[in-house]
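Single-letter residue listing:
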Amino acid sequence: MTTNTGFRDAVKDALIDRADDLFRDAWGEPERASGNEWRAKSSSALSMKMQGADRGVWHDFKSGNGGDVFNLIAVEFCGLSKAGDDFPRVLKEGARWCGISDDTPIDLTTIKANKAKRDHESELSEQRERAEKAALVKQLI
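The structure presented is a predicted model; accordingly, all values stated were derived computationally and were not measured. (Residues numbered from 1 in each chain as written. Predicted model: local features only at pLDDT ≥ 70, side-chain atom pairs only at ≥ 80, totals over all residues. Heavy atoms only, no water.)

## Let's talk about the side chain of Arg 55
Here Arg 55 lies in the loop between β2 (46–49) and β3 (58–60). Under the relative-accessibility criterion, Arg 55 is labelled buried at 16%. Reaching out from Arg 55, the side chain makes a polar contact with the backbone oxygen of Asp 17 at a distance of 3.2 Å. Engagement of the side chain of Arg 55 in a polar contact is seen with the backbone oxygen of Met 50, the distance being 2.7 Å. The contact partners of Arg 55, leaving out residues within four places of it in the chain, are Ile 16, Asp 17, Arg 18, Ala 19, Asp 20, Lys 49, Met 50 and Arg 118. (Helix = DSSP H or I, 4+ residues; strand = E, 2+ residues; numbered from the N terminus. Buried < 20%, exposed > 50% of the residue type's maximum accessible area, 1.4 Å probe, protein only. Polar contact = N/O pair within 3.5 Å; in protein donor to acceptor, adjacent residues only side chain to side chain. Contact = heavy atoms within 4.5 Å.)

## Some points on the nonpolar core
Grouped together as the largest cluster of nonpolar side chains are 30 residues, with contacts concentrated most on Leu 15, Trp 27, Met 48 and Val 90. With six residues, helix α3 (residues 69–77) is the single largest residue contributor to this core. Those residues within four positions of Leu 15 in sequence are excluded, and the remaining contacts are Leu 22, Val 69, Phe 70, Ile 73, Gly 94, Trp 97 and Cys 98. (Core = buried A, V, L, I, M, F, W, Y, C linked by side-chain atoms within 4.5 Å.)

## Here we look at the packing of helix α2 (residues 19–27) against α3
Orientation of α2 relative to α3, taken along the N-to-C sense of each, is 20 degrees, at an axis distance of 10 Å. Taken together, the axis directions place α2 and α3 in an arrangement best described as roughly parallel. Here α2 and α3 pass one another in a crossing that is left-handed. Residues Leu 22, Asp 25, Ala 26 and Trp 27 of α2 touch α3, and the partners they reach there are Val 69, Leu 72, Ile 73, Glu 76 and Phe 77. Here the contact of α2 with α3 is built from residues that sort into seven nonpolar, no polar and two charged. (Axes fitted to C-alpha atoms, helices over the stretch in contact; angles between N-to-C directions. Parallel < 35°, antiparallel > 145°, perpendicular 65-115°, else oblique. Left-handed = near helix turned anticlockwise from the far one by under 90°. Nonpolar A, V, L, I, M, F, W, Y, C, P; charged D, E, K, R; others polar.)

## Re the environment of Leu 15
With respect to the secondary-structure elements, Leu 15 resides in helix α1 (residues 4–17). Classification of Leu 15 as buried rests on a relative accessible area of 0%. For Leu 15 and Asn 71, which are 56 residues apart along the polypeptide, the C-alpha to C-alpha distance reads 11 Å.

## Description of the pairing of β2
Sheet topology places strand β1 (residues 37–39) next to β2; three bridges connect them, and they run antiparallel. For Arg 39, the partnering residue across the bridge sits in β2 and is Ser 47. Linking β1 back to β2 in an antiparallel pair, the connection comprises six residues. Where β2 meets β3, three bridges bridge the pair, whose relative direction is antiparallel. Bridge pairing in β3 places Leu 46 opposite Asp 60. (Pairing = 2+ DSSP bridges.)

So, in structure tokens, the structure goes:
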């Protein structure tokens, strides 16, 4: 039997891993399916971070809504204002969307490995960005 925290973490990790599909299911195709942030073709006010530690963090600049993947499930799939309005329902819907059953054993090692991989990729991305900025400053001097 898994703990609630383990189950919640497994669902969140699966949603983050599938952020590309989640974006498309919620808002349709992105304007450009590349880069750190995607914007919805249907409304450029809808954006989601697609790389690094903030992968899955979204914002609707028109309504002011935003948050993590659970808030996206709450707003777009459950018709709620935020995940905290009915988190058990949001968690169940997120698990269903990912194909995770609450009686399936949760592999915490995989969750930790996926998080470590995202953190590492985020650090590499930040290092590249710092190097590019430093090179640009050097060119301007």
